[in-house]
Amino acid sequence: MLKINKQDALNYHSQSPAGKIEVVPTKPVSTQLDLALAYSPGVAEPCLAIAANPDDVYKYTAKGNLVAVISNGTAVLGLGNIGPAASKPVMEGKGVLFKKFAGLDCFDIEIDATDPDEFIRIVKALEPTFGGINLEDIKAPECFQIETALREQMNIPLMHDDQHGTAIITAAALLNALALVGKKIDEIQLVVSGAGAAAVSCLRLYLALGLKKENVVVFDKDGLIHEGRTNLAPIQMQFATTRRLNNLGEALVGADMFLGLSAANVLPAEYLLTMAADPIVFALANPNPEIEYDLAMGTRPDLIMATGRSDHPNQVNNVLGFPYIFRGAMDVRATEINEAMKLAAVHALAELSREPVPDMVNRAYGDNTLAFGRSYLIPKPLDPRLITSISPAVAKAAMESGVARVPITDWDAYGDQLQARLGGNQKLMNRITSAAKSGPKRVVFAEGDNYKVLKAAQILRDEGIALPIVLGPQEKIEEIARANNIDLEGCEIVNILKEEARRAEFAQLLYQKRQRRGMTLYEGRRLMRERNYYAAMMVETGLADACITGLTKDYGKSIIPALQVIGTEDGVKRVSSMYIIQHKQGPYFFADTTVNIDPTAEQMVEIIGLTARAVRFFDNEPRIAVVSYSNFGSNAGALPEKTRRATELAKARYPDLLLDGEMQANVALSPGLLQEHYSFSPLAEKGANTLVFPNVESGNIAYKVLQEIGGAELIGPVLMGMRKPVHILQLGASVRDIVNMASIAVVDAQSGGKGM
């Protein structure tokens, strides 16, 4: 399980700017006219329009895409009643998920009010500001009263996710589990451990799906909920039983399902043996379930099990629900999130699970066996189809149940709109990281005595992404680790100066490779005292699967050892590099940015081929523009002529590739400009997502400008065309950069080094 270092968590949240969210203007405010339009006097016009027609608030403000995450901090995660201020990091985190998975903007609001009536009054007063309200981490039984009252009083979508999110996800999993074992929901016997907000909401939703109340038995920390209990809210007492049961073990005899929303290890393994055939166990206590997954599955091979953990099949994760539910509800301006909309989300999730899993999801989780079955009841969180499956289903249910104020008429266009809200960059590295975790590889870091490398190595090991090997003096590495509270347990440390026998072996191999290129054995022995050569030879001989270097040396010096030791893959005459530009509109790919100074037209063709393959490696179909300062012959010069020639040769060599040139970069990236002036181009429909530059100067300048002022995150440089995975970092790369490149290197190694 991933271990979180306390200081790492504090540093993550405190690094400038503090927190996890910010407000960014969506309109230009750079001129006097802009300011006059944004504020006084121009702002008076939308104000007057809204005063005349209140619904125009959705037309002239961000209300329609704005969610509030609201809490009083009385039941925060597993931390309990820690108060509103202490809950703020959690609420900010929820806002990040809304933005990441559904493109919804979010303000977190922490209210210093524990009295339900006061809390209700405050939240009701916020209705003019927001398009939707997500209540979070409010303790039971007050949460029931609060949500019920606000739903009655407010006319925007509102949901207490702690209740309904878990209910919706587990309901979808339950429907699929029952289908697999041939049981009907109105016939099953259900035993529940826990009677909090989530458990009660699960039961109420299951009843709507057909569960019989008389077939339900509920236990809380005080034991069985029966008619004689006096310390529970009416909403909990509706599940009181008249059956005489002394404990959980008695209740589970012959039961078809156990639902746990309580505490770790409350379900002994022997209880499973008394359950009915093909029992269903949802053990959802976090981080440790009511019974450990391996123990449960080892006890009952016919068991179908779900937990709240990502390291086991069937993870019940609320992120499968709430972003997409609010997206669909707000897109039709629903006045509430009603039962019909929740049930629509349940059925959409269940049905999506039964569809073939896309290749990109298989690759992300490193599991080509993903298919509807006992270990795949619900989709994976990185499945890009979630938003286009759940949000439309919720929107349709809102329309059919009469709570939608703005109906959707073109569902195909709506699906395109949903995909466009996210952009491919949202999940690109998530998929790469998940794929790496499915089969971690040995990654050797040449610069092991650097704080950033050691910190990255710890993260890679803790997250199960890679098996790090760091090169350098052990005493110095351990000193750096102690000084920076870095835990290197499980990371191999190699001091190459003490590896005399292996250095001699590596020197002999290098000599054999380079003896007809002027290298002597003496020179080979000298070079094997350099960590870049040693690291490359570890990859070449199979002692490591991939190599990362370049943090402290310039690119040219860092790449030479890899080229001399490992070399290019068969059929590749020269390597090249690519940067991934993660922009809100989607990922873009730039090549070559670091290796080939002034390639010929013929060499550019090879760069185009390698780049196209690498773009596909990242689950994107390349749309390549060969760029220059000219558009299709509009300017003369050696550079436009070279790019025109490269385009012609590439089209002949790769006839199935969506490719065009030469063209200016802004034209290549703008479908509007292409359609207006160059509609003949095959890139006119969508524009380019991949730019191939005529020389390293233009590519290098372009990505560095974007890095500093473009508002985009850059990943790279990704080295393409090597026989085995080697990636050279940008000088001074961050810890995040190192982790990203190592993740890519692992997936590259998983593909046998043929991915790029």
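Everything below is about the structure shown above.
Counting restarts for each chain: residues are numbered from 1 in the order of the written sequence. Two thresholds apply to this predicted model, a pLDDT of at least 70 for residue-level local features and 80 or more for giving and counting side-chain atom pairs, whereas whole-chain, interface and lining totals are computed over all residues. The basis for every side-chain value is the complete set of heavy atoms in the structure, and neither hydrogens nor water enter the calculation.

Colleague: Explain the sheet that holds strand β17 (residues 623-627) to me, please; I cannot follow it from the model alone.
Modeller: Note: strands within a sheet are paired through backbone hydrogen bonds, in either parallel or antiparallel orientation. In this description, strands pair whenever DSSP reports at least two bridges between them. Each helix is a run of H or I in the DSSP string that is no shorter than four residues. Each strand is a run of E no shorter than two, and both are numbered from the N terminus. Read across the sheet, six strands follow the order β18-β17-β19-β16-β15-β20 without closing on themselves; strand pairing throughout is mixed. Where the open sheet ends on each side, the last strands, each with one partner, are β18 (658-663) and β20 (713-720). If you compare each strand with its neighbour and ignore which way they point, the axes differ by 20 degrees on average. Here three bridges tie strand β16 (residues 586-591) to strand β19 (residues 690-692), and the two strands are oriented parallel to one another. Paired with Phe-590 across the strands is Leu-691, a residue of β19. Throughout, a residue-residue contact means that at least one pair of heavy atoms, one from each residue, lies within 4.5 Å. To obtain each axis, a line is fitted to C-alpha atoms, and for helices this fit is confined to the stretch in contact; angles are then taken between N-to-C directions over 0 to 180 degrees. Running over the sheet, helix α31 (residues 735-750) touches β15 (576-583) and β20 and is turned about 40 degrees from β20.

Colleague: Before we go on, may I ask you to explain the pairing of β17 in this structure?
Modeller: It is a general feature of regular strands that their side chains alternate between the two faces of the sheet. Only protein chains enter the accessibility calculation, which uses a 1.4 Å probe; a residue whose area is less than 20% of its type maximum is buried, one above 50% is exposed, and one in between is partly exposed. Of all five residues in β17, four are buried; the element is thus mostly enclosed. The sheet contact formed by β17 and β18 spans five bridges and is parallel. From the neighbouring strand, Ile-624 faces β18, where its bridge partner is Leu-659. Handedness of the crossover joining β17 and β18 through helix α27 (residues 638-653): right-handed. The pairing of β17 with β19 spans three bridges and is classified as parallel. Directly across from Ala-625, in β19, lies its bridge partner Leu-691. Seen with its strands pointing away from the viewer, a crossover is right-handed when the path leading from the first strand over the helix to the second is clockwise.

Colleague: I would appreciate a short explanation of unusual backbone geometry in the present structure.
Modeller: What you tend to see is this: most non-glycine residues have negative phi, and most peptide bonds are trans. Each neighbour pair has its own omega, and for Ala-140 with Pro-141 the value is 5 degrees, a cis peptide bond. Tracing the sequence through the fold places Pro-141 in the loop between β3 (132-135) and α7 (142-153). At the junction of Gly-716 and Pro-717, the peptide bond is cis and its omega measures out at 0 degrees in the coordinates. Unlike most non-glycine residues, Arg-333 shows phi in positive territory, near 50 degrees. Inspection of the secondary structure assignment puts Arg-333 in the loop between α14 (322-331) and α15 (339-353).

Colleague: Could you clarify how one ought to interpret the environment of Asn-286 in this entry?
Modeller: The topology assignment puts Asn-286 in the loop between β9 (280-283) and α13 (293-299). Those residues within four positions of Asn-286 in sequence are excluded, and the remaining contacts are Gly-308 and Arg-309.

Colleague: Explanation requested: the packing of aromatic side chains in the structure shown.
Modeller: Two aromatic rings are characterised by how far apart their centres lie and by the angle between their planes. Ring pairs shown here join Phe, Tyr and Trp side chains whose ring centres sit within 6.5 Å, with only the six-membered ring taken for Trp; geometry is labelled stacked below 30 degrees between planes, edge-to-face above 60, and tilted in between. Counting across every chain of the model gives twelve aromatic pairs. With a centroid separation of 5.1 Å and an interplanar angle of 50 degrees, the aromatic rings of Phe-632 and Tyr-678 are classed as tilted. Of the two residues, Phe-632 sits in the loop between β17 and α27 while Tyr-678 sits in the loop between α29 (671-677) and β19, which places them 46 residues apart along the sequence. Measuring from centroid to centroid gives 6.1 Å for Tyr-678 and Phe-680, while their planes differ by 85 degrees, and the two rings are edge-to-face. Given a relative accessible area of 55%, Phe-680 falls into the exposed group. In textbook terms, an aromatic cluster arises when at least three aromatic residues are bridged by ring pairs, as seen for Phe-98, Phe-322 and Phe-326. Against the face of Phe-101 rests Lys-100, its NZ or CZ located 5.9 Å from the ring centre. Charges are assigned to positions over rings by a cutoff of 6 Å between ring centre and Lys NZ or Arg CZ, combined with an angular limit of 35 degrees from the ring normal. When the ring centre of Trp-411 is taken as reference, the NZ or CZ atom of Lys-396 above it lies at 4.9 Å.

Function cannot be inferred from these measures alone, as they are strictly geometric.
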